[in-house]
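The chain contents come next:
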Amino acid sequence: MFRIIKKKELNPTVTLMEVEAPLIAKKAQPGQFVILRTDEGGERIPLTIADYNREQGTVTIIYQIVGATTRILNSMSVGDCLQDFVGPLGRPTVTEGKKKVAVVGGGVGCAIAYPVVKKFHEQGTKVHAIIGFRSNELVILEEEFRSNSSKLVLMSDDGSCGEKGLVTDALKKLIESGEQYDEVITIGPLIMMKYVSMLTKQYGIKTVASMNPIMIDGTGMCGGCRLSVGGKTQFACVDGPEFNGHEIDFDEAIARSDMYKEFEQKKQDEACKLYQKEVS
Amino acid sequence: MDVLKKVPIKEQDPQVRAHNFDEVCLGYELEEAMEEASRCIQCKNPKCVSGCPVSIDIPGFIKEVENNNIEAAFKIISDYSALPAVCGRVCPQETQCEQVCIRGIKGDPVSIGKLERFVADWARNHNIKPEPPKEKNGKKVAVIGSGPAGLTCAGELAKLGYDVTIFEALHEPGGVLLYGIPEFRLPKEEVVKAEINNVISLGVKIETNVIIGRSTTIDELMEDEGFEAVFIGSGAGLPKFMGIPGENANGVFSANEYLTRNNLMKAYDTSYDTPIITGKRVAVVGGGNVAMDAARTALRLGADVTVVYRRSEAELPARVEEVHHAKEEGIKFKLLTNPTEILVNEDGWVSGMRCVEMELGEPDESGRRRPVVKKDSEFVMELDTVIMSLGTSPNPLISSTTEGLEINKWKCIIADEETGLTTREGVFAGGDAVTGAATVILAMGAGKAAAKGIHEYLTSK
Ligand SMILES: Cc1cc2nc3c(=O)[nH]c(=O)nc-3n(C[C@H](O)[C@H](O)[C@H](O)COP(=O)(O)OP(=O)(O)OC[C@H]3O[C@@H](n4cnc5c(N)ncnc54)[C@H](O)[C@@H]3O)c2cc1C
Ligand SMILES: Cc1cc2nc3c(=O)[nH]c(=O)nc-3n(C[C@H](O)[C@H](O)[C@H](O)COP(=O)(O)OP(=O)(O)OC[C@H]3O[C@@H](n4cnc5c(N)ncnc54)[C@H](O)[C@@H]3O)c2cc1C
Ligand code: SF4
Ligand code: SF4
Ligand code: FES
């Protein structure tokens, strides 16, 4: 079974968990993900493999509490077992053949960016990490990024930590100051990745964006994760999750990511009402 | 009793069943089954058997039904098929065993499928299970995929004494039987799970949540895990889209997604968290069994549903029974019609579908008359949901991660029809992964042939 062996709150809405999954730990590579189900009635949700330990047979996930499933997940404790945990899924990040790269992460996307940064750093690629958060109390993994990159720029929307501004401001500054990147890798909210890609396009820097559309099976069977890349339909779970940022139709992806918003909201409201009834 | 007519079978009333997911067909009672069985004239040279892809001894089991020896009838069927309760429900009998039944020359053919179903249901309700093998030979065989092909191959090998493990990508076994075909046609707990449990009781192990090509590979199974042969029954799960504008809008789904949400993830059951867009006005594009299943599912979730198909009624690939049931339930059919564009509103949601009318021209390679566009026939259907049901192709995950495993131009695995042997030594394949989307019973036939092929290969090795 997939036992939770460590649980650590990284900020009020983001939690790290280490899960026993020896087969996945044996195979996992940066850029890949798992799909899990907390219990029989639960949804299948994809989460990136944030780290892995091949000897101990464990996989680390870092998730943000956004809705029903992540909330249930967060109610589980060390020693509990997840119903299902399947992976590694998706294509690994291509890290070979690059001398210098910039990795741009936003919010919980930094959890996804971290194993990529670490892999680059370990193999001797120069890596500049630019990570952005809304404010100080939401910062995650700052130390891990610092010790695994040759340059770390921390940005915040409100200036409560690092520099005030957006990650695109920081990236632009670095590029303008003469830094030359073989590639920019961006992972975070869709809107952020859209603007990062627009910026790098101006400078002609190859850019890879890690997409996180709604998924079910993760094996290429349902087509729910599809997006348009260079005018062609691609399935993120098997063809991705990383794609050429200059070719992705971000507006379509943004619309698709809201597909079940109303439904999820209703479910959540119902759950709240039920809860209030039970309490009163 | 009129011997020219089938003993009628009870069905849920169309008005009622349009609002629930319970099974449509209610099956025979014992007396009815015995009466129907008595219509079989026990041909010396039974045509029906040659019409069945797994050659079930049809007169043999029907005779036992007629004499009220249902357990004996079940034993006979079990020698040929591991999933009789499934096949009795979803086999296209009218084009297989029943099409060639002698009784059919004058009057209705014998209701072979419904009798098979009766026997299997009776055995389940009386807790009768197939017998496990007496001796094990200790040889390990891996089976990829737990659809009808994989289950059959695994069951046959287990009967021969092999140590068989099935690896399944999803969290539950069954393949299309589980995630594709809906509850109202094939009950999951009662029928599918029970028949899978029969396969397990033969000694087959099933490991879910393992994706071959990602979690592990065929090479690793053979080199590191000690599997002496591998059977690939991974199906044809990759959905096709039309490639028309607007197809990625919100509210456009593949039939696989729509059905998976509802069947595997049980969206219709409010105790599950799965979201589904029910839609008010739904178009289902396509005319096969999958299209009928998607349409009837949407209807049960409360939508007004139209099936849009580019040829005429005569060419509908779905089973006649399914089309008939769909019509009874109130599904509309817009035939000789082809979509050209999905219209999208400013929020990114479907608002309609532009279509053209078609007419049938000369026959094409498939022998069916080719639909051609009628001039100036464009029109718009107002809709909020579109379900694309245009067929599927095999997933390249396994072929692309297995050296020496060749595929053809339709991405189907190349395998010998008699033995299932692929271009890779020790690796066999069958079912939709080899033929492209076909039928349950053909997949089972292929699984059975491959089990024989594997047995011959491993005994001569
Ligand atoms: C390849 C991939 C990697 C991901 N990695 C991480 C990660 O490392 N950490 C993390 O916090 N999140 C990650 N996500 C996003 C995560 O899957 C969603 O936050 C999660 O599914 C939300 O589920 P929920 O039930 O809690 O919320 P819901 O209430 O269901 O939805 C809240 C939000 O999550 C999105 N969402 C819902 N269901 C899915 C689904 N099945 N797949 C994708 N998105 C969905 C919705 O669009 C919505 O915006 C990843 C997504 C993908 C596709
Ligand atoms: C909606 C629908 C309705 C249908 N109706 C009928 C009908 O009425 N009558 C009829 O005869 N036929 C019908 N069919 C067709 C029939 O279901 C299929 O032909 C049959 O299921 C094929 O069996 P299979 O074993 O080859 O593959 P599948 O049933 O597709 O099973 C393949 C299994 O392999 C698993 N798998 C795939 N890749 C991997 C991997 N890499 N690693 C591990 N596991 C993997 C899949 O998850 C799946 O469980 C229908 C199909 C659909 C979709
Ligand atoms: S398995 Fe299918 S074809 Fe064979 S006898 Fe049964 S219903 Fe007929
Ligand atoms: S062909 Fe028809 S009548 Fe003859 S044995 Fe088969 S089922 Fe009976
Ligand atoms: S998640 Fe179903 S095809 Fe990608």
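What counts and how
- Residues numbered from 1 in each chain as written.
- Chains lettered and ligands numbered in written order.
- Predicted model: local features only at pLDDT ≥ 70, side-chain atom pairs only at ≥ 80, totals over all residues.
- Heavy atoms only, no water.
- Near = heavy atom within 4 Å.
- Helix = DSSP H or I, 4+ residues; strand = E, 2+ residues; numbered from the N terminus.
- Nonpolar A, V, L, I, M, F, W, Y, C, P; charged D, E, K, R; others polar.
- Contact = heavy atoms within 4.5 Å.
- Buried area = accessible area lost by both parts, 1.4 Å probe.
- Salt bridge = Lys/Arg side-chain N within 4 Å of Asp/Glu carboxyl O.
- Polar contact = N/O pair within 3.5 Å; in protein donor to acceptor, adjacent residues only side chain to side chain.
- UniProt positions renumbered as here; feature names shortened; annotations may be inferred.

- The name given to chain B in an unreviewed UniProt entry is NADPH-dependent glutamate synthase, and the organism recorded there is Mobilitalea sibirica.

- Chain A is annotated in an unreviewed UniProt entry as Sulfide/dihydroorotate dehydrogenase-like FAD/NAD-binding protein from Mobilitalea sibirica.

With respect to the site of ligand 3
Residues and elements named next belong to chain B.
Link 1 in the chain: Cys 52, Cys 91, Gln 96, Cys 97 and Glu 116 are the nearest of the 13 residues found near ligand 3.
Link 2 in the chain: Looking at the shell around ligand 3, the element that brings in the most residues is helix H7 (residues 112-125), giving three residues.
Link 3 in the chain: When grouped by side-chain class, the residues that make up the shell around ligand 3 number nine nonpolar, three polar and one charged.

Concerning the interface of chain A and chain B
Link 1 in the chain: On the side of chain B, 40 residues touch chain A, which itself brings 41 residues to the contact.
Link 2 in the chain: Carbon and sulfur atoms supply 53% of the area that chain A and chain B bury against each other, a total of about 3,500 Å² over both sides.
Link 3 in the chain: It is Met 221, Arg 226 and Tyr 260 of chain A in chain A that bury the most area against chain B; as a group they hold 19% of the surface buried on that side.
Link 4 in the chain: Along the contact surface separating chain A from chain B lie one salt bridge.
Link 5 in the chain: Salt-bridge contacts for Lys 27 of chain A lead to Glu 220 of chain B; the nearest nitrogen and oxygen are separated by 2.6 Å.
Link 6 in the chain: Here chain A is connected to chain B by 19 residue pairs in polar contact (both at pLDDT 80 or more).
Link 7 in the chain: Counting only elements with at least two residues in the side of chain A that touches chain B, the list comes to strand E8 (84-89), strand E15 (226-229), strand E16 (232-235), helix H8 (250-257) and helix H9 (261-279) of chain A.
Link 8 in the chain: With six residues, the single largest contributor to the side of chain A that touches chain B is E8 of chain A.
Link 9 in the chain: The residue inventory of the side of chain A that touches chain B, partitioned by class, reads 17 nonpolar, eleven polar and 13 charged.

A look at the UniProt feature "binding site: [2Fe-2S] cluster" (unreviewed entry) in chain A
Link 1 in the chain: Within this structure's numbering, the places UniProt gives as "binding site: [2Fe-2S] cluster" (unreviewed entry) are Cys 222, Cys 225 and Cys 237 of chain A. A stretch of 16 residues holds the annotated residues, and the largest C-alpha distance among them is 10.1 Å, short enough that they meet in one place.
Link 2 in the chain: Note on placement: Cys 222 of chain A falls in the loop between strand E14 (207-210) and E15.
Link 3 in the chain: Leaving out residues up to four positions away in the same chain, Cys 222 of chain A has contacts with Ile 216 and Asp 217 of chain A together with Pro 239, Ser 254, Asn 256 and Glu 257 of chain B.
Link 4 in the chain: The residues touching Cys 237 of chain A, leaving out its near neighbours within four places in the chain, are Phe 33, Gly 90, Met 215, Gly 218, Thr 219, Gly 220 and Cys 225 of chain A.

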